[in-house]
Amino acid sequence: MATFKLEIVTAEKMVFSDDVNEVVAWGVEGQLGILPHHAPLMTMLQSGDLLIKKDNEEQYLAISGGFLEVRPDKVIILADACERAEEIDVARAEEAKKRAEEALKAAPARVDVAAEAALRRSLARLKVAEKRRRRPGTQPHPTKL
Ligand code: ATP
């Protein structure tokens, strides 16, 4: 299977760097699938779940906005924040979701861009954490008694 190099970076660290078969991200105009030899492209990303496919394995990461650039030699995602499924603190994301929903409920007539963005970030984290929980083979091995 053909591959391309994918790098995901935040201001804090390199989150991911590997050769992959496909990446599916949420661009501002909808979902965007990138395969090897994709034409050069630069797009803004919305917060959402990012799917990485490699050797028949699928991995999900939560992305909190940023940019995706397809270069001739690699694909780079510069994310405002990014967490692997196992890094996500579900209780924190639930709290963030609750806060954002309450802010939106408190002033329904007002456009609250910050609360809408916070809600989207929290939903992306919860979705990625949930996908990990459901995926077979990722549960911790039972410990021997
Ligand atoms: P909160 O209100 O809980 O801080 P937030 O959406 O405002 O959430 P961000 O500003 O997007 O948080 O992220 C700040 C830092 O905290 C980033 O490094 C991000 O990876 C991390 N982070 C945020 N929420 C979580 C979470 N639920 N689990 C793990 N890391 C998180």
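Per-chain numbering applies: the sequence of each chain, read as written, is numbered from 1 onward. Confidence filtering applies because this is a predicted model: local features only for residues at pLDDT of at least 70, side-chain atom pairs given and counted only at 80 or more, and all residues used for totals across whole chains, interfaces and linings. Working from all heavy atoms in the structure, the side-chain values ignore hydrogens and water.

Enquirer: Quick question: what am I supposed to make of the pattern of salt bridges here?
Expert: Think of it this way: side chains of opposite charge can pair up when their charged atoms draw near. We define a salt bridge as a side-chain nitrogen of Lys or Arg found within 4 Å of a carboxyl oxygen belonging to Asp or Glu. Taken as a whole, this structure holds 11 salt bridges when the rule is applied. Two residues, Lys127 and Asp49, come together in a salt bridge whose shortest N-O distance is 3.4 Å. Of this pair, Lys127 sits in helix α2 (residues 113-134) while Asp49 is found in strand β6 (residues 48-54), placing the two residues 78 residues apart along the sequence. Relative accessibility decides the category of a residue: with a 1.4 Å probe and only protein chains considered, values under 20% of the type maximum give buried, values over 50% give exposed, and everything between is partly exposed. Overall, the relative accessible area of 37% leaves Lys127 in the partly exposed class. For Asp49, a relative accessible area of 7% puts it in the buried group. In this structure, Arg71 and Glu69 form a salt bridge, with 3.4 Å as the shortest nitrogen-oxygen distance. For helices the rule is a DSSP run of H or I covering at least 4 residues; for strands it is a run of E covering at least 2, with both sets numbered from the N terminus onward.

Enquirer: In this structure, what is going on with the site of the ligand? I would like to understand it.
Expert: Taken together, Glu12, Ala81, Glu83, Glu87, Ile88, Asp89, Arg92, Ala93, Arg99, Arg121 and Arg125 make up the full set of residues adjacent to the ligand. Two N or O atoms count as a polar contact when they lie within 3.5 Å, although within protein this holds only if one can serve as hydrogen donor and the other as acceptor, and sequence-adjacent residues are included solely when both atoms are side-chain atoms. At 2.6 Å, a side-chain N or O of Arg121 approaches an oxygen atom of the ligand. Side-chain polar atom of Arg125 to an oxygen atom of the ligand: 2.8 Å apart, as the coordinates give it. Accessibility throughout is a Shrake-Rupley quantity obtained with a 1.4 Å probe, and a residue counts as covered only by protein chains that appear here. In isolation the ligand exposes 590 Å². Once the protein is present, 68% of that is buried. Among the residues forming the shell around the ligand, the class breakdown is three nonpolar, no polar and eight charged. Any residue with a non-hydrogen atom lying within 4 Å of a molecule or strand is treated as near it. Ten residues, namely Ala, Val, Leu, Ile, Met, Phe, Trp, Tyr, Cys and Pro, are considered nonpolar, four, namely Asp, Glu, Lys and Arg, are considered charged, and the remaining ones, Gly among them, are considered polar.

Enquirer: Please clarify how the domain arrangement of the protein should be interpreted in this entry.
Expert: Accessible area lost upon the coming together of the parts is a frequently used measure of interface size. Boundary definitions for the domains trace back to an automatic or database domain assignment. By the assigned domains, the protein splits into domain 1 (4-84) and domain 2 (86-139). Between domain 1 and domain 2, the C-alpha centre-to-centre distance is 20 Å. Carbon and sulfur atoms make up 51% of the area that domain 1 and domain 2 hide from each other, which totals about 1,200 Å². Counting across the interface, domain 1 meets domain 2 through four salt bridges. Between domain 1 and domain 2 we count eight residue pairs in polar contact (both at pLDDT 80 or more) in total. Listed by contribution, the elements that provide at least two residues to the side of domain 1 that touches domain 2 are β6, β7 (57-63) and β10 (82-84). Per-element tally for the side of domain 1 that touches domain 2: the top contributor is β7, with five residues. Put simply, buried area is the surface a 1.4 Å probe can reach on two separate parts but cannot reach once they are joined, added for both.

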